[in-house]
Amino acid sequence: MNTAIEQDQDAPIWMENVTYDELSVGQSARLLRTVTLEDIQAFAAVSGDINPAHLNPEYADATMFNGVIAHGMLGAALISALFGTQFPGPGTIYLGQDLKFTKPVRIGDTLTVLATVSEKNDEKKRVKMDCLVTNQQGEVVLKGEANLMPPTKKVRVQRINAPQIQLFDPEARFNALLDRVQGLPIVRCAVVHPVDAGSLSGAMDAANHGLIQPVLIGPEGRIRRVAEEAGINLQGAEIISVEHSHAAAQLAAEMAARREVEIIMKGSLHTDELLKAVLSQPALRTGRRLSHVFRFDVPLYAKPLIITDAAINIRPTLPEKADIIQNAIEFAQILGTEVPKVAILSAVETVTASIPSTLDAAALCKMADRGQIKGGLLDGPLAFDNAISMDAVRIKGIASEVAGQADILVAPDLESGNMVAKQLEYLAGANGSGLVLGARVPIALTSRADGPMVRVASAVLAVLAAHHERKKQADNAWKQG
């Protein structure tokens, strides 16, 4: 006899138990589950068992199993799930379990968990269950015997949805970003005044990943001293010695103007000092306002999110906002989004005369309609919630092709943009990287608080932008001659 959970599509799903008196020797129930990579990662997160045999494909390939396998106790947890939810169900007390693991469980295996009553003890109201777990090929992967105290009272309770586990693997996201530049030629990069361990190690890490050929511009003695103290290997780096940060920024800008470098990377100096040097070179100007973009991988958002401007333009005017948006659209296209969805943020989603940012948002959308901003799909004003949440969009009844699924968030000013970016990083666990756009060369702009992964990710963005600029220059030269 098999016992199954009661289901009614027109009513809530209920769990009904099987009492001790209703159980009989030979009675059984089963549960099916296909094991996914996400199951293995979630089990590792909950249990703390980060054995590389379960999580590291390179390591696992070299083991006797020749690949990643699931935790043995993941199968045992499925047995527990069968007991607790179906057979005997709610009210069951799990007293003991004897298990033997006979074959590995791999990603994609469909497991059948079978529990059969083998013995009843009427005096103590306890039962023994034979437990058998097989894969899709009928091979036994787990077997054993369980001792249970089944419920004695009949209950029927509504099934409760378990909390969702959001799996976010920063290293996997980072590696996916790195994959975008695989096979691209190394780009020569001016690293401006790298006289602290963070900026120097970030540059050399990017070099070690095959992204850039670093040209370290600054006081050579200080650079070498920092490298020695921090254990940073400078092999492969060119050093151009100048006295101070002003000279370093100026030389880097001049080299970029002569196309001797294709990326500028900020070291230990003020951002405005570096950007002033860049703007002093007419050959680096594009007629577009310089602006900053953050690219974030956010655990609770389905795709990368660009935020602009949170680092350079304090209170941008309407024309400056148009440039900021155009820079971000073209950058999103470089990253592979053909028509980026641009949400222009404010505190509310309605045009309100007393909130100037809503008027700017409406004007920017009309500018896009008239072709003054090209390549993106704009909507605004939008509050943050209805820019990124479809639930908020449905609740508020917003009709929009952008709302709830934005690729780019345009902040009203630097203060609000910076707060959004920092909150995503420090409260939401997002991984960010940043770049300055609007010049002839991309500028990798990082903070002193940024770690190595952020610095390398920013270098990846710069390399992608540099290769795009290289192609654009080549296309222009071909057209002209």
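Counting of residues starts from 1 at the beginning of each chain's written sequence and follows it residue by residue. In view of the model being predicted, local features appear only for residues whose pLDDT reaches at least 70, and side-chain atom pairs are presented and counted only at 80 or more, with totals across whole chains, interfaces and linings using the full set of residues. Here the side-chain values reflect all heavy atoms present in the structure, with hydrogen atoms and water set aside.

Q: Tell me about the nonpolar core, and name the residues and values.
A: Joining through side-chain atoms within 4.5 Å is the link that ties buried Ala, Val, Leu, Ile, Met, Phe, Trp, Tyr and Cys residues into a set, and such a set is a nonpolar core. Exposure categories follow from relative accessible area, calculated using a 1.4 Å probe and restricted to protein chains: below 20% of the type maximum is buried, above 50% is exposed, and the middle band is partly exposed. The biggest cluster of nonpolar side chains holds 56 residues, and the ones touching the most others in it are L211, L234, I325, I373, L378 and L435. Helix numbering and strand numbering both begin at the N terminus, where a helix is a DSSP run of H or I of at least 4 residues and a strand a DSSP run of E of at least 2. It is helix α15 (residues 452-480) that provides the largest number of residues to this core, a total of 10 residues. Contacts between residues were defined by any pair of non-hydrogen atoms, one from each residue, lying within 4.5 Å. Apart from residues lying up to four places away in sequence, L435 is in contact with S291, H292, V293, F331, P442, I443, A444, S458, L461, A462 and A465. Grouped together as the second largest cluster of nonpolar side chains are 30 residues, L78, F87, V113 and A115 included.

Q: How would you summarise the sheet that holds strand β5 (residues 126-134) if you had to cite specific residues and measurements?
A: Here, a strand pair is defined by DSSP locating no fewer than two bridges between the strands. Taken together, 5 strands build an open sheet; the order of strands is β2-β4-β5-β6-β3 and the sheet is antiparallel. Sheet topology places β2 (28-34) and β3 (93-101) at the edges, where each strand pairs with a single neighbour. Strand-to-strand twist across the sheet, computed as the mean angle between neighbouring axes with direction ignored, equals 20°. With 7 bridges joining them, β2 and strand β4 (residues 110-121) adopt antiparallel strand pairing. Within β4, the position partnered with R33 by the bridge is L111. With axes taken as lines fitted to C-alpha atoms, and helix axes fitted only over the stretch in contact, angles between N-to-C directions fall between 0 and 180 degrees. Helix α4 (residues 72-85) rests against β2, β3, β4, β5 and β6 (140-149) of the sheet, and its axis sits at about 145° to β3.

Q: Pulling in residues and values, what's your account of unusual backbone geometry?
A: Here the bond from T308 into D309 is cis, since omega is -10°, no more than 30 degrees from zero. One non-glycine residue, N66, adopts positive backbone phi at about 55°. Among the secondary structure elements, N66 is positioned in the loop between α3 (57-61) and α4. With phi around 60°, K125 is a residue other than glycine that occupies positive phi space. Here K125 lies in the loop between β4 and β5.

Q: Go over the environment of Q97 with me, naming the residues and quoting the values.
A: In this structure, Q97 sits in strand β3. In this structure, the C-alpha to C-alpha distance between Q97 and A146, residues 49 residues apart in sequence, is 4.3 Å. Here Q97 is in contact with I79, F83, C131, G144, E145 and A146, once residues within four sequence places are set aside. Polar contacts, as used here, are pairs of N or O atoms within 3.5 Å; protein pairs need one atom able to donate a hydrogen and one able to accept it. Residues neighboring in sequence count only if both atoms are side-chain atoms. Side-chain polar atoms of Q97 contact the backbone oxygen of E145, separated by 3.2 Å.

Q: Provide a residue-level description of the packing of helix α5 (residues 170-179) against α15, including the pertinent values.
A: Helix packing for two helices is described by the angle between their axes and how far apart those axes are. At a minimum axis distance of 10 Å, the contact between α5 and α15 shows a crossing angle of 25°. Considered as vectors, α5 and α15 are oriented roughly parallel to each other. In terms of crossing hand, the pair formed by α5 and α15 is left-handed. On α15, the residues touching P170, F174, L177 and L178 of α5 are M453, V456, A457, V460 and L461. Counted by class, the contact of α5 with α15 contains 9 nonpolar, no polar and no charged residues. By the definition adopted for this analysis, an angle is roughly parallel if under 35 degrees, roughly antiparallel if over 145, roughly perpendicular if from 65 to 115, and oblique otherwise. Take the far helix as the reference: if the near one is turned anticlockwise from it by less than a right angle, the crossing is left-handed, and if turned clockwise, right-handed. In this count, Pro and Cys sit with the nonpolar residues alongside Ala, Val, Leu, Ile, Met, Phe, Trp and Tyr, while Asp, Glu, Lys and Arg are called charged and the others, Gly among them, polar.

Q: Mind laying out the pairing of strand β11 (residues 263-266), listing which residues take part and the relevant values?
A: Across the two faces of β11 the burial is the same, with I263 and M265 and I264 and K266 all buried. In the sheet, strand β8 (residues 187-192) pairs with β11 via 4 bridges, with the strands oriented parallel. Bridged to V192 within β11 is K266. Pairing between β11 and strand β18 (residues 443-444): 2 bridges, direction parallel. The partner of M265 across the bridge, within β18, is A444.

Q: Mind laying out helix α6 (residues 197-208), listing which residues take part and the relevant values?
A: End to end, α6 covers 16 Å across 12 residues, agreeing with the expected 16 Å (1.5 Å per residue, within 8%). Those residues of α6 not exposed but buried are S199, L200, S201, G202, A203, M204 and A206. Of the surrounding secondary structure, the elements contacted by the buried residues of α6 are β8, β9 (212-218), α7 (220-230), β11 and α15. Among the residues trailing α6, G210 stands out with phi positive, at a value near 75°. Expected helix span is given by 1.5 Å per residue-to-residue step, counting one fewer step than there are residues.

Q: So what's going on with the environment of R180? Residues and values would help.
A: Among the structural elements, R180 can be located in the loop between α5 and β8. In this structure, the C-alpha to C-alpha distance between R180 and E338, residues 158 residues apart in sequence, is 16 Å. In this view, R180 contacts I334, L335, G336 and L464; residues no more than four positions away in its chain are not counted.

Q: Explain helix α8 (residues 245-257) to me, using residue names and the numbers behind them.
A: Its 13 residues give α8 an end-to-end C-alpha distance of 18 Å, which sits within 8% of 18 Å, the value for a rise of 1.5 Å per residue. Where α8 is concerned, the buried positions are S245, A248, A249, L251, A252, A253, M255 and A256. Residues of α8 that are buried in the fold lie against β8, β9, β10 (238-241), β11 and α9 (271-279). Looking one or two places after α8, you find R259, whose phi comes out positive at around 65°.

Q: How would you explain the side chain of S346 if you had to name every residue and give the values?
A: As for its position among the elements, S346 is in the loop between β14 (341-345) and α11 (356-369). S346 gets classed as buried once you look at its relative accessible area, which sits at 10%. For S346, the side chain forms a polar contact with the side chain of S357, separated by 2.7 Å. Look past the residues within four positions of S346 in its chain and what remains in contact with it is I355, S357, T358, P381, L382, A383, F384 and P412.

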